Amino acid sequence: DTDDGAPIASKVRFGMFDFGDRHLKAFSEVYVGSSGGQLLLKVIWTDDGTGEKLGAIYRMKARPATAVREARFEPGKGLQAVDWDFELENVDGADFDIHTIQFQPMVKSRRTRG
């Protein structure tokens, strides 16, 4: 349960991908079917103009029960990019199991060059 008394940090990174489409995309919600403790979602995207990787961290919306069910994350409005990466991380060493994850990209009409 601990590493010599210290919480065990754990994370899962999914890797940069474009969801099979080179159009700009935004995300209003990401759903994770999990059981266990509180999770954070790090959203990583590539700036279309500079190629720089940017990121932001979001806390899982509160859910009262610890049973397996979907948790919701709401990435910031206005974020849009072609290439995205996501990372789930536990809070304070909380134990967790991931059962499903669902990304719902909103594909924009603008396509990038290249």
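For the structure, check the block above.
Since the model is a prediction, treat every value here as computed from it, not as a measurement.

**Student:** Is there a simple way to explain unusual backbone geometry in this structure?
**Tutor:** Most peptide bonds are trans, and most residues other than glycine sit at a negative phi. For D4, which is not glycine, the phi dihedral falls at a positive 55 degrees. Under the relative-accessibility criterion, D4 is labelled exposed at 79%. The phi dihedral of F19 falls on the positive side, at around 60 degrees, and the residue is not glycine. Along the chain, the position of F19 falls in the loop between β1 (11-13) and β2 (23-36).

**Student:** Would you explain the pairing of strand β6 (residues 84-90) in this entry?
**Tutor:** Consecutive residues of a regular strand have side chains that alternate between opposite faces of the sheet. The buried count for β6 comes to six of seven residues, which makes it a mostly enclosed element. Sheet topology places β1 next to β6; three bridges connect them, and they run antiparallel. Bridge pairing in β6 links R13 to E87. Bridge count for strand β3 (residues 39-46) against β6 is seven bridges, and the pairing is antiparallel. Counterpart to L41 in the pairing with β6 is L88.

**Student:** Would you take a moment to explain the nonpolar core for this structure?
**Tutor:** By size, the foremost hydrophobic cluster in this structure holds 19 residues, and its most contacted members are V30, L41, V43, W45, F73, W84 and F86. When residues of this core are traced back to their parent elements, those giving at least two are β2, β3, β4 (53-59), β5 (69-73), β6 and β7 (96-111). It is β3 that contributes the most residues to this core, four residues altogether. With residues near it in sequence (within four places) discarded, F73 still touches S28, E29, V30, V32, L39, L40, L41, Y58, R59, M60 and L88.

Parameters and conventions
Residues numbered from 1 in each chain as written. Predicted model: local features only at pLDDT ≥ 70, side-chain atom pairs only at ≥ 80, totals over all residues. Heavy atoms only, no water. Buried < 20%, exposed > 50% of the residue type's maximum accessible area, 1.4 Å probe, protein only. Helix = DSSP H or I, 4+ residues; strand = E, 2+ residues; numbered from the N terminus. Pairing = 2+ DSSP bridges. Core = buried A, V, L, I, M, F, W, Y, C linked by side-chain atoms within 4.5 Å. Contact = heavy atoms within 4.5 Å.

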